[in-house]
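Each chain, letter by letter, is given below.
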Amino acid sequence: MTAKPQGLAVRPGVIHYPGLLDPPAQRAMVDELRGAAAVAPFFTPRMPRTGAPLSVRMTNCGALGWVADEAGYRYVPSHPETGLPWPPIPGRVLALWETLADCPAPPEACLVNFYSSAARMGLHQDRDEATFDAPVLSVSLGETAVFRLGGISRRDPTRSFRLASGDVLVFGGEARLAFHGVDRLIPGSSTLLEKGGRLNLTLRRVTPFQRPAST
Ligand code: SIN
Ligand code: MN
């Protein structure tokens, strides 16, 4: 994929690419992620203040990975349990960033969340990065999620829409700090993952970068 595909503008700064990855491409990406998870196993993140477990399990690829535990939300260069560096971001995932992110710098982090059928994610902003100049690019694989998107204030109205397997969502610009979350999964909506559930990848730039001077 080289030419930028046409997406649906959900609201300024948010573009949804439904079904951008066809089933063979989804399977190939899952295989790549399986390889990564063999090096960096899924772990259970915990809420900073209470230590309560989140309902998703997660791992990362890339130079930096996002972790959450009693020490806070942060990016670290190695897996919290194995101490090993995170594996590289798989090639197919990087290719999506190159085509869709409109960013001259590569992503540094690829957070991989696994949702079992009962998992969800509360409304939050992605704001642990030292730059918001790059968008967040999210890939959905497996069961459909009911995704909730708000504005940049928690009080702003929200709307929900579905993210199905193979969908890509990019949010940047004025929507980079938009509140978002996952209300629930739709059980049985995909057979991609043998035991059901959903994988979500979020690609992010963590440290500042320079855009080439415009001519
Ligand atoms: C996230 O915000 O980290 C995940 C969003 C999603 O699962 O679609
Ligand atoms: Mn998020």
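Residues numbered from 1 in each chain as written. Chains lettered and ligands numbered in written order. Predicted model: local features only at pLDDT ≥ 70, side-chain atom pairs only at ≥ 80, totals over all residues. Heavy atoms only, no water.

Trainee: Requested: an account of the overall build of the protein, with residues and values cited.
Mentor: Along the protein, the regular secondary structure elements total two helices and 13 strands. For 215 residues, the compact-globule estimate of 2.2 N^0.38 gives 17 Å, and the protein sits close to it at 16 Å. Principal-axis analysis of the C-alpha atoms gives the protein an extent of 45 × 40 × 35 Å. Counting every position in the protein, which comprises 215 residues, the buried fraction comes to 51%. When contacts within the protein are restricted to residue pairs at least 6 apart in sequence, those whose partners lie at least 24 apart make up 74%. (Helix = DSSP H or I, 4+ residues; strand = E, 2+ residues; numbered from the N terminus. Rg over C-alpha atoms; globule rule 2.2 N^0.38 Å. Buried < 20%, exposed > 50% of the residue type's maximum accessible area, 1.4 Å probe, protein only. Contact = heavy atoms within 4.5 Å.)

Trainee: Go over the site of ligand 1 with me, naming the residues and quoting the values.
Mentor: Asn 113, Tyr 115, Met 121, His 124, Phe 147, His 180, Val 182, Arg 198, Asn 200 and Arg 204 make up every residue found near ligand 1. Between ligand 1 and Tyr 115 there is a distance of 2.4 Å, counted from an oxygen atom to a side-chain nitrogen or oxygen. A distance of 3.0 Å is found between an oxygen atom of ligand 1 and a side-chain nitrogen or oxygen belonging to His 180. Burial of ligand 1 by the protein chains amounts to 97% of its free accessible area of 260 Å². (Near = heavy atom within 4 Å. Polar contact = N/O pair within 3.5 Å; in protein donor to acceptor, adjacent residues only side chain to side chain. Areas by Shrake-Rupley, 256 points an atom, 1.4 Å probe, with all protein chains shown as cover.)

Trainee: Describe the coordination of the manganese ion (ligand 2), and please don't skip the residues or the numbers.
Mentor: Only His 124 (NE2), Asp 126 (OD) and His 180 (NE2) from the protein reach the manganese ion (ligand 2) as donors, at distances of 2.1 to 2.2 Å. Spacing between the donor residues of the manganese ion (ligand 2) along the chain follows H-x1-D-x53-H. Linking Asp 126 in the loop between strand E7 (121-124) and strand E8 (136-142) with His 180 in strand E12 (residues 180-185), this pair joins segments that are 54 residues apart in sequence. The class of His 180 is buried, set by a relative accessible area of 7%. (Donors = N, O, S within 2.8 Å, 3.2 Å for Na, K, Ca; no water.)

Trainee: I'd like to hear about the state of the cysteines, residue by residue, with values.
Mentor: All chains considered together, the criterion is met by zero disulfides. Between Cys 103, a cysteine without a disulfide, and Cys 110, which holds the nearest cysteine sulfur, the sulfur-to-sulfur distance is 15 Å. Judged by relative accessible area, Cys 103 falls into the buried class, the value being 16%. (Disulfide = S-S within 2.5 Å.)

Trainee: With reference to specific residues and values, describe the side chain of Asn 113.
Mentor: The residue Asn 113 is located in strand E6 (residues 109-115) in this model. For Asn 113, a relative accessible area of 3% gives the class buried. Non-local contacts of Asn 113, meaning those with residues more than four positions away in its chain, are made with Val 56, Arg 57, Met 58, Met 121, Arg 198, Leu 199 and Asn 200.

Trainee: Lay out unusual backbone geometry in plain terms, naming residues and giving numbers.
Mentor: Its identity as a non-glycine residue notwithstanding, Asp 102 has a phi of 55 degrees, on the positive side. Among the secondary structure elements, Asp 102 is positioned in the loop between helix H2 (91-100) and E6. Overall, Asp 102 belongs to the exposed group, its relative accessible area being 57%.

Trainee: Which residues make up the sheet that holds E12, and what are the values?
Mentor: Where strands meet in a sheet, backbone hydrogen bonds hold them as pairs that are either parallel or antiparallel. Read across the open sheet, the four strands follow the order E7-E12-E9-E10; overall the sheet is antiparallel. Each end of this open sheet is capped by a strand with a single partner; those strands are E7 and strand E10 (159-163). The sheet shows a mean angle of 25 degrees between the axes of neighbouring strands, taken without regard to direction. As paired elements, strand E9 (residues 145-149) and E12 share five bridges and run antiparallel to each other. Looking at the pairing, Val 146 lines up with Arg 184 of E12. (Pairing = 2+ DSSP bridges. Axes fitted to C-alpha atoms, helices over the stretch in contact; angles between N-to-C directions.)

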